[in-house]
Amino acid sequence: MTNTQLTLVQIDNYGPWTVTPDPRREMDLQTLQSRLFADLAQFVGSRDGYAFFTRFDNMVAVTNGLDRDDHELLQESIGNRYPVTLSLGIGADRSPAVALERATDRIQRAGSAQDGDRREVLSGETLADADRSDTDLQIAHFDVNDATGKYTDRLNEFDTFIHIEQGYASLMRHLREEHGALSFFVGGDNIISVTPDLTEDQYRAAIDHVEAEADVELKVGVGTASNAHEAGFAAKHALEDCRHRGTIVEFADAAVETADD
Ligand SMILES: Nc1nc2c(ncn2[C@@H]2O[C@H](COP(=O)(O)OP(=O)(O)OP(=O)(O)O)[C@@H](O)[C@H]2O)c(=O)[nH]1
C-alpha cells in the first residue's frame, strides 16, 4: 500500500520581513528564495526525498525516509545561514492531499505565517521505522509531447510559457480533485505528481482531460518505491519507454526501479 510522508516547509514571518524596515530589493528576495530552495532540494535529495518550490515562501517536500532528527537538522542549518527561519509540519497518509492537510494543520495550529512569535515549529508524525521500509509511494513524471517542436522552437518564450502553464493548471486540478494527488511544475515542460496508487486508465483519463481542456498533449512515466528518488527515477525510465514505444502511459516494472539506481 502506498503511504506518502509530506513536509510543509514555511518561512516564518516572511511577509513582514520583506518590508522591514522598508520594502527590500526584489532581486535580493528572489536570490534568497531560490538559494533556500536549492538548499532544501539538496538536503532532502541527499536523503532520497523530493522538494518542490511551489510558492517559495511555502514549499512541499516528499520526506519518506527522513525522520524527526533530519527535520531538526534542516531547521538548524537554515537558521544558522539565513536571515529567516523555517517551520516544518509533517503528515503521512495513503492520499498525498490528506498527508499535506495533516502537515499544514500542524503548522496552522501553532500560529499564523505572519506571527512574529511563531518560529521554527516542528510538528507532526513521521512514518514509523517499520512502516518506512514496508510502504511505497508513487511518483508520476509527466512531460509535454514534443514541446520543443511545437512551442520552444516556434513561439516566443512567453507564449510557450502560457501553453505549458495551462497544461499544468488543468492537470494539477484534475489530479487533485479526482484522486487527491499533488502535482508540481519542475521546469521546462515537466510536471511531477505525487499520487496514490492510480491505474493506467486513470492516468489516461487525466491526459485526455488536459488535452480536451488545455489542448496540451502529455505523456507520463510512473514509478513506485519506498522513497521519492527511487520512485521518481523509475518514473523517468518509464517516460523513456513512452518515447521509445510511442505510448502515453508506462509503468516502471520492479526490475527497472532497482537496476539503475
Ligand atoms: N525537471 C526536469 N526537466 C526536464 C527533464 N527532462 C527534460 N526536461 C525539460 O524539458 C525540456 C524539454 O525537453 P524534452 O521533454 O526532452 O523535449 P520534448 O521536445 O518535449 O520532446 P519529447 O519529450 O521527447 O516529446 C528541457 O529543455 C528541460 O527543460 C527532467 O527529467 N526533469
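Owing to the predicted nature of the structure, the values given are computational and were not obtained by experimental measurement.

**Re the pattern of salt bridges**
Following the criterion strictly, the structure yields 12 salt bridges and no others. The salt bridge involving D105 is made with R109; its shortest N-O contact spans 2.7 Å. Residue D105 and its partner R109 are both found in helix α4 (residues 96–110); the two are separated by 4 residues, about one turn of the helix. The class for D105 is partly exposed, based on a relative accessible area of 30%. Where salt bridges share partners, they join D143, K219, E240 and R243 into one cluster.

**A short note on the side chain of Q75**
Tracing the sequence through the fold places Q75 in helix α3 (residues 68–81). Given a relative accessible area of 6%, Q75 falls into the buried group. In terms of polar contacts, Q75 uses its side chain to reach the backbone carbonyl oxygen of V121, at 2.9 Å. Setting aside its immediate chain neighbours within four residues, Q75 contacts L86, S87, L88, E120, V121 and L122.

**Quick notes on the environment of D70**
Positionally, D70 belongs in helix α3. Within the local environment of D70, its side chain forms a polar contact with the backbone nitrogen of D67, the two atoms lying 3.0 Å apart.

**A short note on the domain arrangement of the protein**
When cut into domains, the protein gives domain 1 (4–134) and domain 2 (137–259). The centre of domain 1, based on its C-alpha atoms, is set 25 Å off from the matching centre of domain 2. Opposite the 17 residues of domain 1 that make contact, domain 2 presents 18 residues. In total, domain 1 and domain 2 occlude about 1,500 Å² of area from one another, counting both sides; carbon and sulfur atoms represent 73% of this. Looking at the side of domain 1 facing domain 2, the largest losses of area belong to D48, Y50 and F52, adding up to 38% of the total buried there. Put simply, domain 1 and domain 2 have 3 residue pairs in polar contact (both at pLDDT 80 or more) between them. Of all elements in the fold, only β1 (4–11), β2 (50–52), β3 (58–62) and α4 reach the threshold of two or more residues within the side of domain 1 that touches domain 2. Per-element accounting of the side of domain 1 that touches domain 2 gives the leading share, 3 residues, to α4. In the side of domain 1 that touches domain 2, the residues fall into 9 nonpolar, 5 polar and 3 charged.

About the thresholds
Residues numbered from 1 in each chain as written. Predicted model: local features only at pLDDT ≥ 70, side-chain atom pairs only at ≥ 80, totals over all residues. Heavy atoms only, no water. Salt bridge = Lys/Arg side-chain N within 4 Å of Asp/Glu carboxyl O. Helix = DSSP H or I, 4+ residues; strand = E, 2+ residues; numbered from the N terminus. Buried < 20%, exposed > 50% of the residue type's maximum accessible area, 1.4 Å probe, protein only. Polar contact = N/O pair within 3.5 Å; in protein donor to acceptor, adjacent residues only side chain to side chain. Contact = heavy atoms within 4.5 Å. Domains from an automatic or database assignment. Buried area = accessible area lost by both parts, 1.4 Å probe. Nonpolar A, V, L, I, M, F, W, Y, C, P; charged D, E, K, R; others polar.

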